[in-house]
Amino acid sequence: MSVLIFIDTTDGHVKKATLEALSYGSKIAAQMGTVAEGVVLGNVQDDLASLGKYGVTKIHQVTADALSQPDAQVYCKVLAEVATAIGATVIVFSNNLNGKAIAPRLSARLKAGLVSGAVALPDTSNGFVVKKNVFSGKAFANISVTTAVKIISLNPNAYQVIAGEGTATVAAFATSVSAGAIKVTSSSKASGDVPLTEAEVVVSAGRGMKGPENWGMVEDLAKVLHAATACSRPVADAHWRPHHEHVGQTGIAIAPNLYIAIGISGAIQHLAGVNRSKVIVVINKDPEAPFFKAADYGIVGDAFDIVPKFTAAVKKIKGIA
Amino acid sequence: MKILVCISKTPDTTAKIAFTDNNTKFDANGVQWIINPYDEWYSLVRAIELKETDPSTVIHLVTVAAADADPIIRKALALGGDEAIRVNADSHDSFYIASQIAEVAKQGGYDLVFTGKETIDYNGSSIGGMVAELLDLPYISLATKFEISANKATVTREIEGGEEVAEANLPLVVSCQKGMAEQRIPNMKGIMGARTKPLKVQEPVAVDPLTAVAGFELPPAKAGVKLVDAENVDELVRLLHEEAKAI
Ligand SMILES: Cc1cc2nc3c(=O)[nH]c(=O)nc-3n(C[C@H](O)[C@H](O)[C@H](O)COP(=O)(O)OP(=O)(O)OC[C@H]3O[C@@H](n4cnc5c(N)ncnc54)[C@H](O)[C@@H]3O)c2cc1C
């Protein structure tokens, strides 16, 4: 019996969402009176042993040529081998892109019940029940997992990173898995940008910005806040902003600490994707805009006037010249 | 080429979300049902586009649902597709549904299985991956572009902060999201034609679900907005810094 946590990396670095998953998985292990261990696929630049401070005692590292391609089919086979070898009864993923690709496969392979998009620790007082987002953020469901092995994929920003003391031992895990069928031929990444689902702060703008040429002030505000930028659906549909910035019921669902909505009316489909944000700030010139009902703070006024002042005020408070 | 497109019925995006039976069941009273937008706008329309390019393509739709899903399937058939299969079962968990779809896929010998990125009600994002594992096929998730040439698929998919292009030979399972295609409105000819397209109903295979819904909850209501004067943006930033501790 143990808890196994998938350590997701990007360009050799451990993702922030993984630190959340490690903290969460270690807490579950403590709750169940067992140990938490990690598994990482491929070579990593970060110091793996130091991940012990998030509560894992041991990290299984698998390096094999077959893992050079990001292929969920191959990853799943290897993770199943590790999980079986150590007798894991709970397996934790972050519900990010890799989690979404691998966890369902592993669930079907191990016949292990999956809760995807978990937002809280399991309730083990009577069975094993995990709370997850449903109806695109409009409700929660408590899912009871009845299988011996359980898989949870934790929503980003749903559980805080808890760092303590400790180092983990790192052990190589040998696999004989063969290469998969998928070959990645190219990839492109906007370097330096904060990934939207991991961002603590998100600055989002809608049709109220009138046109793509006015996004400079939105980006300036995002920059001083180290925020990711997002937009409403019509803005992405009109190609003012890239598709991957579209948040809402039919876009990306996010739950940052702070969500700043500029010139967005707050339609129900938009709110569905962002209403799990901890603090919501709305800037809209229409006092009747429905977004104000879902907001914590608001300013009724013209974005073109307020956003630059907002940026200046943040600079002042952060002591940026 | 034979494509299987997974179709799910979901409440309309403006539906009031409420629960009955001591918060264990979704309250369907007065709810309008739609085709899950990801299934409709992206998987189905992209499959139709592939058939427009290569008319020898065959498109089958599959849904796992009771008879009340029939209007939704007819609506999907009005957009396109040659026939539909409904596995006659009340919805259980994702694994149960994926197992039924995998069974249909095995019988039909499809080259390609398309699912939406997720359903807008359960938000599981898991059917595609489970079906792929049950069929022992490669799976490309969260695709934003899909091209096919001979037997090789070239798929653009989302990665954190960007995208990558992956290649794989058919057969293949792909989950589809924004970018794949554009929403279409069914025309009169499609709606008339859909009435006579085959809608086969088959009974489910015996599968034990791995999870069950113990209950639902609604999120706590917001306390109410604190409005700050437009002339006093500094005050907003002070509140965010000192009170909300969000900056
Ligand atoms: C099935 C379905 C799915 C959908 N999914 C999504 C989704 O995932 N995400 C999403 O965002 N939408 C979605 N929508 C669309 C949604 O219903 C709204 O149409 C959309 O969110 C509106 O975008 P907006 O707020 O940017 O634009 P508008 O509704 O046009 O609002 C613009 C706002 O800007 C304000 N404004 C104008 N000028 C200024 C100014 N100078 N300063 C300050 N404020 C100003 C206006 O008062 C107004 O409130 C979906 C719709 C459907 C039917």
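Reading guide: rules and limits
- Throughout this document, residue positions are counted from 1 along each chain, in the order its sequence is written.
- As they are written, the chains are lettered A onward and the ligands numbered 1 onward, keeping that order.
- With pLDDT at 70 or above as the cut-off, local features in this predicted model cover only qualifying residues; side-chain atom pairs require 80 or more to be listed or tallied, and sums for whole chains, interfaces and linings still use all residues.
- Note: side-chain values were computed over all heavy atoms of the structure, leaving out hydrogens and water.
- In this text, helices come from DSSP runs of H or I with a minimum length of four residues, and strands from runs of E with a minimum of two, each type numbered from the N-terminal end.
- Put simply, the radius of gyration uses C-alpha atoms, and a globule should come to 2.2 Å times the residue count raised to 0.38.
- For this analysis, residues touch if any pair of their heavy atoms sits within 4.5 Å.
- We call a residue near a molecule or strand as soon as one heavy atom of that residue lies within 4 Å of the molecule or strand.
- Nitrogen and oxygen atoms within 3.5 Å of one another constitute a polar contact, given that in protein one can donate a hydrogen and the other can accept it, and given that sequence-neighbouring residues count only through two side-chain atoms.
- Each residue gets one label: Ala, Val, Leu, Ile, Met, Phe, Trp, Tyr, Cys and Pro are nonpolar, Asp, Glu, Lys and Arg are charged, and the others, such as Gly, are polar.
- Site definitions follow a grid-based scheme: protein atoms alone, a 1 Å grid, a 1.4 Å probe that fits but cannot get out for cavities, and for pockets an open set with protein on both sides within 12 Å along at least five of seven lines, plus lining residues having an atom within 4 Å of a point.
- Grid points are joined across faces, edges and corners, and a volume is the space filled by probe spheres set on the points.
- Two parts placed together each lose some accessible area under a 1.4 Å probe, and adding up what both lose gives the buried area.
- For this analysis, a salt bridge means a side-chain nitrogen from Lys or Arg found within 4 Å of a carboxyl oxygen belonging to Asp or Glu.
- Should DSSP find at least two bridges between two strands, the strands are taken to pair.
- A fitted line through C-alpha atoms serves as each axis, taken over the contacting stretch for helices, and the angle formed by two N-to-C directions is quoted from 0 to 180°.

(A) Summary view of the overall build of chain A. In terms of regular secondary structure, chain A is built from seven helices and 17 strands. A compact globule built from 321 residues should have a C-alpha radius of gyration of about 20 Å, and chain A, at 21 Å, falls within 12% of that. Across its three principal directions, the C-alpha atoms of chain A cover 60 × 45 × 40 Å. A sequence separation of at least 24 residues applies to 64% of the contacts in chain A between residues at least 6 apart.

(B) Summary view of the site of the ligand. Taken together, 28 residues lie near the ligand, and S232, T250, S265, Q269 and N284 of chain A sit nearest. Around the ligand the close residues trace back to chains A and B. G208 of chain A places a polar main-chain atom, nitrogen or oxygen, 3.5 Å from a nitrogen atom of the ligand. Only α5 (233-237), α6 (268-274) and α7 (303-318) of chain A provide two or more residues apiece to the shell around the ligand. Classifying every residue of the shell around the ligand gives seven nonpolar, 15 polar and six charged.

(C) A look at the layout of surface pockets. Residues and elements named next belong to chain B. The computed volume of the second largest pocket comes to approximately 1,400 Å³. Around the second largest pocket, the lining is made up of 48 residues, and of these S91, H92, I97, D121 and Y122 lie nearest the centre. Among the secondary structure elements, those contributing two or more residues to the lining of the second largest pocket are β2 (9-11), β4 (25-26), β6 (58-65), α3 (94-108), β8 (112-116), α4 (127-135) and β14 (211-217). Its residues assigned to classes, the lining of the second largest pocket comprises 23 nonpolar, 16 polar and nine charged.

(D) Broad picture of the interface of chain A and chain B. With 85 residues of chain A in contact, the opposing surface of chain B contributes 79 residues. Both faces considered, chain A and chain B share a buried interface measuring about 7,100 Å² in area, 59% of it formed by carbon and sulfur atoms. On the chain A side of the contact with chain B, L97, F135 and Y297 of chain A bury the most area, a combined 11% of that side's loss. Summed over the shared surface of chain A and chain B, the result is seven salt bridges. Two residues, E133 of chain B and R109 of chain A, come together in a salt bridge whose shortest N-O distance is 2.7 Å.

(E) Structural context of the sheet that holds strand β16 (residues 279-284) of chain A. Within the open sheet, the six strands sit side by side as β14(A)-β13(A)-β15(A)-β16(A)-β17(A)-β15(B). Their pairing is parallel. For this open sheet the edge positions go to β14 (228-231) of chain A together with β15 (226-227) of chain B, each flanked by a neighbour on one side alone. For strand β17 (residues 297-300) of chain A and β15 of chain B, the ladder comprises two bridges, and the chain directions are parallel. In the sheet register, G298 of chain A faces β15 of chain B, and the bridge partner there is L227 of chain B. Where helix α4 (residues 216-224) of chain A meets the sheet, its contacts fall on β13 (201-205), β14 and β15 (258-262) of chain A, and the angle it forms with β13 of chain A comes to roughly 175°. Those strands touched by α7 of chain A are β15, β16 and β17 of chain A, and its axis lies near 135° from that of β16 of chain A.

(F) Highlighting empty space enclosed by the protein. This model, assessed by the stated rule, comprises two cavities of 30 Å³ or more. A volume near 50 Å³ is recorded for the largest cavity. If you go around the largest cavity, the residues you meet are S107, G113 and L114 of chain A together with D93, S94, F95, Y122, M130, L210 and T211 of chain B. For the lining of the largest cavity, the class distribution of residues is five nonpolar, four polar and one charged. Looking at the second largest cavity, its volume works out to about 40 Å³.

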